[in-house]
Amino acid sequence: MAEIKTKQTDADVREFIESFANTEQKKQDSFELVKLMQDFTGYEPKMWGPSIIGFGKYHYKSERSLQEGDWPLVGFSPRKAAISLYVYSGGAGQEELLKDLGKYKMGKGCIYVKKLSDINQDVLKKIMKSTIDFLQAKYS
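Keep in mind that what you see is a predicted model, and the values were worked out from it rather than measured. (Residues numbered from 1 in each chain as written. Predicted model: local features only at pLDDT ≥ 70, side-chain atom pairs only at ≥ 80, totals over all residues. Heavy atoms only, no water.)

Caption draft 1: Structural view of the nonpolar core. Counting 33 residues, the largest nonpolar core has Met-37, Ile-53, Phe-76, Leu-85, Val-87 and Leu-124 as its most contacted members. Mapped by element, the contributors of at least two residues to this core are helix H1 (13-20), helix H2 (24-41), strand E2 (52-55), strand E3 (58-61), strand E5 (74-78), strand E6 (83-86), strand E8 (111-113) and helix H4 (121-139). Among the elements that make up this core, the one with the highest residue count is H4 (6 residues). Excluding its chain neighbours within four sequence positions, the residues that come into contact with Met-37 are Gly-42, Phe-55, Gly-75, Phe-76, Leu-85, Val-87 and Met-128. (Core = buried A, V, L, I, M, F, W, Y, C linked by side-chain atoms within 4.5 Å. Buried < 20%, exposed > 50% of the residue type's maximum accessible area, 1.4 Å probe, protein only. Helix = DSSP H or I, 4+ residues; strand = E, 2+ residues; numbered from the N terminus. Contact = heavy atoms within 4.5 Å.)

Structural data, given as structure tokens:
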């Protein structure tokens, strides 16, 4: 069984954003997201792997394979094409919340936004709360 490669590291979040975010807008949005997610969750931002900024963590065990590991409760990455938000769990009521989120695209497990101003931050907080509650209940 392959070991999960994305693990929490001691890399500096600020340095990562300064060097990785490819536009001033993305840097600004990234620093705003760090503040929003840190204030909302109460967790310090930590780097996960080379490019994900995560907040909090939980230990999971896959129901379909033998894989298990730690993963952030919520997080994001200022990727080249868009900011990837790791805040969605598919839990109860989240589909309804997405209708009021704003302008985004959906991936398999994440939400892609071009810029933070495209989405409703209050709805983002509701999605994060729903995901955190879901993950803590499932993997407590």
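That shown, we press on.
Caption draft 2: Looking closely at the packing of aromatic side chains. Within the structure shown, the criterion is met by 4 aromatic pairs. Ring centres of Trp-48 and Trp-71 lie 6.3 Å apart, and the angle between their planes is 55 degrees; on these two criteria the pair is classed as tilted. Of this pair, Trp-48 sits in strand E1 (residues 45-48) while Trp-71 is found in strand E4 (residues 68-71), placing the two residues 23 residues apart along the sequence. Its relative accessible area of 2% is what places Trp-48 among the buried residues. Taking the relative accessible area as the measure of exposure, Trp-71 reaches 23% and is therefore partly exposed. Through a chain of ring-to-ring contacts, the aromatic side chains of Tyr-58, Tyr-60 and Tyr-139 assemble into a single cluster. (Phe/Tyr/Trp six-rings, centres within 6.5 Å; stacked < 30°, edge-to-face > 60°.)

Caption draft 3: The pairing of E1, seen in detail. Where E1 lies against E2, 4 bridges are found, and the strand directions are antiparallel. The residue of E2 that forms the bridge with Trp-48 is Ile-52. The antiparallel hairpin formed by E1 and E2 contains 3 residues in its connecting segment, where Gly-49 sits at a positive phi of about 65 degrees. (Pairing = 2+ DSSP bridges.)

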